[in-house]
Amino acid sequence: MEGTFNIQSLFKRIANDDQRAFQLFFDYTYMRLYRYVSYFLMDKESYEDVLSDIYLYLWQNRKKLPTIKDYENYLFVCVRNSALKYKSEGEKYQKIRLEDADISGLMERTTPEQEVLNEELRTVLELTINLLPQRCRLIFFMVREECMTYKEVARILSISEKTVHAQMCIAIKRIGVAIQEYYNK
């Protein structure tokens, strides 16, 4: 999430009660955290509740922000923990929606027949991804959708890089089998 401005200087401004700096931080991080929380929870209202709580917490504890060295890891852990807490109070895991993923390389849109086939393939892939075990689905989402490295995923989820690799292998193998079965039907 690191961008063109320095997060540490932004955190110092926020710690000094600069609401504009907090708004910049919010605008800079919100959509990525929104996509991440959408993995865990079922509806937009839940996403917004969790993220609102996190940003409220950050504002209330703004004096501590300059001490955060790896803010990206910190935010992802906050979102994960808050979402899991919210989920434990009755929510179920959100299914990954392939319409959010770019799979255009797998599909060509040339004819109406091809568009129907492409939609069928999209449905098959979405079903395959959603049938992955929860942890495997989460790791797949973080690596493929959020473009995180295995090391970053391992750190955020408190697991080894080998576990991340193994889960990605499972996901890719199952998706590959689904694609092969689709084209062989």
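Residues numbered from 1 in each chain as written. Predicted model: local features only at pLDDT ≥ 70, side-chain atom pairs only at ≥ 80, totals over all residues. Heavy atoms only, no water.

**Student:** Describe the overall build of the chain, naming the residues involved and giving the relevant values.
**Tutor:** Each helix and strand in the chain was counted, giving eight helices and zero strands. Along the chain, helices and strands appear, N-terminal first, in the series α-α-α-α-α-α-α-α. Here the chain, with 185 residues, has 42% of them falling under the buried criterion. Within the chain, contacts between residues separated by at least 24 positions form 70% of all contacts whose residues are at least 6 apart in sequence. (Helix = DSSP H or I, 4+ residues; strand = E, 2+ residues; numbered from the N terminus. Buried < 20%, exposed > 50% of the residue type's maximum accessible area, 1.4 Å probe, protein only. Contact = heavy atoms within 4.5 Å.)

**Student:** Break down the packing of helix α2 (residues 19–40) against helix α4 (residues 71–88) for me, citing the residues and quoting the values.
**Tutor:** To characterise two packed helices, one gives the angle between the axes of the helices and the distance between these axes. For the pair α2 and α4, interaxial distance at closest approach is 10 Å and the crossing angle is 45 degrees. Considering the angle they form, α2 stands oblique to α4. Between α2 and α4 lies a crossing whose hand is right-handed. Every residue of α4 that contacts α2 at F25, Y28, T29, R32, L33, Y36, V37 and F40 is listed here: Y71, E72, L75, F76, V79, R80, A83, L84 and K87. (Axes fitted to C-alpha atoms, helices over the stretch in contact; angles between N-to-C directions. Parallel < 35°, antiparallel > 145°, perpendicular 65-115°, else oblique. Left-handed = near helix turned anticlockwise from the far one by under 90°.)

**Student:** Describe in detail the nonpolar core, supporting the description with residues and values.
**Tutor:** Ranked by internal contacts, the top residues of the largest apolar core, which has 51 residues, are F25, Y36, L51, M142 and L157. Of the residues forming this core, the biggest block, 10 residues, is contributed by α2. (Core = buried A, V, L, I, M, F, W, Y, C linked by side-chain atoms within 4.5 Å.)

**Student:** Tell me about helix α6 (residues 134–145), and name the residues and values.
**Tutor:** The end-to-end C-alpha separation of α6 is 15 Å, in line with the 16 Å expected for 12 residues at 1.5 Å each. Among the 12 residues that make up α6, nine are buried, leaving the element largely enclosed by the rest of the structure. Of all the residues in α6, the buried ones are C136, R137, L138, I139, F140, F141, M142, V143 and E145. Buried-residue contacts for α6 involve α2, α5 (112–130), α7 (150–157) and α8 (161–184). Following α6 by one or two positions, C147 adopts a phi angle in the positive range, close to 55 degrees. (Expected span 1.5 Å × (residues − 1).)

**Student:** Any chance you could break down the side chain of E145 for me, citing the residues and the numbers?
**Tutor:** Topologically, E145 is positioned in helix α6. Note on E145: relative accessible area 17%, which makes it buried.

**Student:** Explain the state of the cysteines to me, and be specific about the residues and the numbers.
**Tutor:** As enumerated under the stated definition, the model contains zero disulfides in all. Unpaired in this structure, C136 has its nearest cysteine sulfur neighbour in C169, at a distance of 9.7 Å. Owing to a relative accessible area of 0%, C136 belongs among the buried residues under this scheme. (Disulfide = S-S within 2.5 Å.)

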